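Reading the structure
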Amino acid sequence: MNDAHPAGAFAPLDVRVARKAFHAASGERLEVLDDIAFTLRQGEVGAIVGPSGCGKTTMLRIIAGLDRDYDGAIARPPDGKLGMVFQEPRLLPWRTVDDNVRLVAPAIAPDELAALFEVLGLAGHRAHYPGELSLGLARRVALARAFAVKPELLLLDEPFVSLDQALAARLRDELVTLVDRYAVITLLVTHDIEEAAALADRLILLSARPARMLADLPIATPRRSRTAAEVAAVKAQVTDRLVALGQPAVMA
Amino acid sequence: MALRLASLALFLATWYVGSLIAGERMLPGPDTVLAAVVAEARSGELFLHLGATLARVALAFLLAMTAGAAIGYLMGRVRVADRLGDPWLIVLLNLPALVIIVLAYIWGGLTEIAAILAVAINKLPNAVVTIREGARALDPGLDDMARVFAMPRWKALRHVVIPQLAPYVAAAARSGLSLVWKIVLVVELLGRPNGVGFEIGVAFQLFDVTRILAYALAFIAVILAIEIFLVQPFERRASRWRLRPA
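What comes next is a walk through the structure. (Residues numbered from 1 in each chain as written. Chains lettered and ligands numbered in written order. Predicted model: local features only at pLDDT ≥ 70, side-chain atom pairs only at ≥ 80, totals over all residues. Heavy atoms only, no water.)

Points about the pattern of salt bridges
In plain terms, the rule: Throughout this description, the term salt bridge denotes a Lys or Arg side-chain nitrogen within 4 Å of a carboxyl oxygen of Asp or Glu. Runs of E in the DSSP output that reach at least two residues are strands. Runs of H or I that reach at least four are helices, and both are numbered from the N terminus. For every residue, the accessible area (1.4 Å probe, protein chains only) is compared with the maximum for its type, and the residue is labelled buried under 20%, exposed over 50%, or partly exposed between those bounds.
Scanning the model with the defined rule gives 28 salt bridges over all chains in all. Lys 56 of chain A is the partner of Glu 158 of chain A in a salt bridge, and the nearest nitrogen-oxygen pair spans 4.0 Å. Taken together, the positions of Glu 158 of chain A in the loop between strand E6 (153–157) and helix H5 (165–182) and Lys 56 of chain A in helix H1 (residues 56–64) put the pair 102 residues apart, joining distant regions of the chain. Taken as a pair, Glu 158 of chain A and Lys 56 of chain A share a single burial class, namely buried. Across the salt bridge formed by Asp 144 of chain B and Arg 61 of chain A, the nearest N and O atoms sit 2.5 Å from each other. With Asp 144 of chain B in helix H7 (residues 140–148) and Arg 61 of chain A in helix H1, this residue pair bridges two chains. Residues joined in a network through salt bridges with shared partners are Asp 82, Asp 86, Arg 132, Glu 133 and Arg 136 of chain B.

Here we look at the sheet that holds strand E1 (residues 13–23) of chain A
All names here are of chain A. For clarity, the cut-off: At least two DSSP bridges between two strands are needed for those strands to be called paired. Note on geometry: axes are C-alpha line fits, over the in-contact stretch for helices, and angles between N-to-C directions span 0 to 180 degrees. In what follows, residue pairs with any heavy atoms lying within 4.5 Å of each other are defined as contacts.
If you trace the three strands from one edge of the open sheet to the other, you get E2-E1-E4, paired in antiparallel fashion. Looking along the sheet, the strands with just one partner apiece sit at the ends: strand E2 (29–40) and strand E4 (71–75). Averaged over all neighbouring strand pairs, the angle between strand axes comes to 20°, with direction disregarded. The pairing of E1 with E4 spans five bridges and is classified as antiparallel. Bridging from a neighbouring strand, Val 17 pairs with Gly 72 of E4. Along the sheet face, H1 touches E1, E2 and E4 and points at about 120° away from the line of E1.

Topic: the packing of aromatic side chains
Rules: In this analysis, rings of Phe, Tyr and Trp, with Trp reduced to its six-membered ring, are considered paired at centre separations within 6.5 Å, and the interplanar angle assigns stacked below 30 degrees, edge-to-face beyond 60, and tilted for intermediate values.
Under the counting rule described, the total for this entry stands at three aromatic pairs over all chains. Between the aromatic rings of Trp 94 of chain A and Trp 241 of chain B, the centroid separation amounts to 5.6 Å while the plane-to-plane angle is 70°, which identifies the pairing as edge-to-face. Placement of Trp 94 of chain A in the loop between strand E5 (82–85) and helix H2 (97–104) and of Trp 241 of chain B in the segment after helix H10 (209–238) is noted, with the two residues assigned to different chains. Residue classification places Trp 94 of chain A among the buried positions, given a relative accessible area of 7%. Residue Trp 241 of chain B is classed as buried on the basis of its relative accessible area, which comes to 15%. Geometrically, the ring pair formed by Phe 11 of chain B and Trp 15 of chain B is tilted, given 6.1 Å between the ring centres and 50° between the ring planes.

Examining the sheet that holds E6 of chain A
Residues and elements named next belong to chain A. Read from one edge of the open sheet, six strands run E5-E6-E7-E3-E8-E9, paired in mixed fashion. Two strands bound the open sheet, and with one partner strand each, they are E5 and strand E9 (213–218). Between one strand and the next, the sheet's axes are offset by a mean angle of 15°, whatever the strand orientation. Sheet topology places strand E3 (residues 45–49) next to strand E7 (residues 185–190); five bridges connect them, and they run parallel. Counted as the bridge partner of Ala 47 is Leu 188 from E7.

Next comes the structure, spelled out in structure tokens:
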């Protein structure tokens with residue numbers, strides 16, 4: 001929770017998904033999500049933590065409005081802009097870095113855009129095409145694109161997976177800078193408890209499929225002043241909790 | 001470039017030797033044909049007929065590509081449209097060009113509209129099939145991206161969909177251009193008072209091989225120019241984002 005931003009400036013994100021199922025090719029019904037409910041306020045960062053394949057991405061797609069076939073209701077900030085970082089960068093290969101960002105955010109002021117590229121270390125890559133970028137750079141462009149629209153709701157689907165540790169840590173710092181600057185509602189999906197403990201104000205723990213809510217844990221210390229020891233303590237607490245619930249403690 | 005010139009020289013040499021063996025009447029040499037091209041150009045006949053054919057090719061091509069792209073895109077994206085359109089497509093694909101042309105002339109009279117429609121209908125199913133393949137291969141991830149970021153429809157079409165379809169459009173255009181001009185000649189031969197096909201029909205009655213070759217080569221030169229000055233620059237522009245080997 002971020003005290004620098006008055007609550008109520010825009011509506012919270014309220015998620016209630018009673019159930020979500022897929023029909024497999026074999027005809028059987030595959031339960032994916034089972035009774036998940038949580039609320040995030042402005043400036044708050046929520047992290048959905050759960051084992052691979054438990055339905056985290058499905059959850060995000062439902063919240064993003066890409067999948068409407070579920071029982072339940074999602075209340076998003078009304079007319080709120082949405083920014084999303086998919087698991088893959090999903091850039092348009094035939095447009096430059098600059099154009100990729102400007103296509104979704106035509107209203108952004110040139111100096112604001114320049115500042116955003118500066119924060120993400122992309123200033124020298126604006127004229128490049130995505131095919132000329134490394135994966136790490138492409139992920140940063142995807143982050144820049146999501147922030148450029150000035151979202152009220154920011155959805156991140158494992159944005160740092162498959163990056164090396166040092167780069168992931170740097171990008172996490174950049175994300176924190178941006179989240180604090182723009183005061184958005186952020187929902188991060190990850191299977192990395194440490195990442196969640198470092199970034200989030202609230203941890204939403206999911207079980208293996210069909211995903212149920214195991215816990216909704218707020219973290220009291222603001223993330224800016226969280227020490228490595230506190231992050232480790234949160235991680236240990238979550239791990240203990242998972243073990244107590246009979247869930248796999250190592251999520252990968 | 002040197003290799004291409006050598007290949008061209010080999011072609012001309014083979015032609016020349018062939019004409020020596022077969023005799024000027026059956027296969028006139030390159031010089032005779034070139035002289036005929038120059039003579040036809042001087043009289044203005046050549047440009048009249050080339051122009052008529054080119055106009056028909058352009059109209060039929062544009063018509064077939066526009067309709068083909070729209071139908072192909074719809075069939076690639078909407079399952080019901082695909083199910084409904086598929087039997088029609090198979091019928092059209094397997095209907096001989098000659099049948100379409102003759103029926104068009106019988107039903108529409110020996111008119112310009114009937115001629116151009118007949119050519120366009122012949123090309124249409126190929127364009128549909130190629131563009132449909134492209135529409136089926138569209139990346140759903142990029143569609144989701146466009147939806148999440150609330151891209152307006154026309155913008156998504158222009159920046160997300162059309163660049164993905166561009167290679168398929170180029171393939172359909174290239175095979176289409178050659179197909180269309182061949183069919184235009186048949187249409188002209190059967191029911192038009194001008195154009196390259198008409199001239200070749202007259203030359204056939206007179207057994208004038210020189211004239212047949214002169215008109216065919218002149219038109220091939222025109223198509224080659226279109227390929228080099230229009231199709232290739234378009235392709236280069238459309239693929240400028242691809243990494244080139246350094």
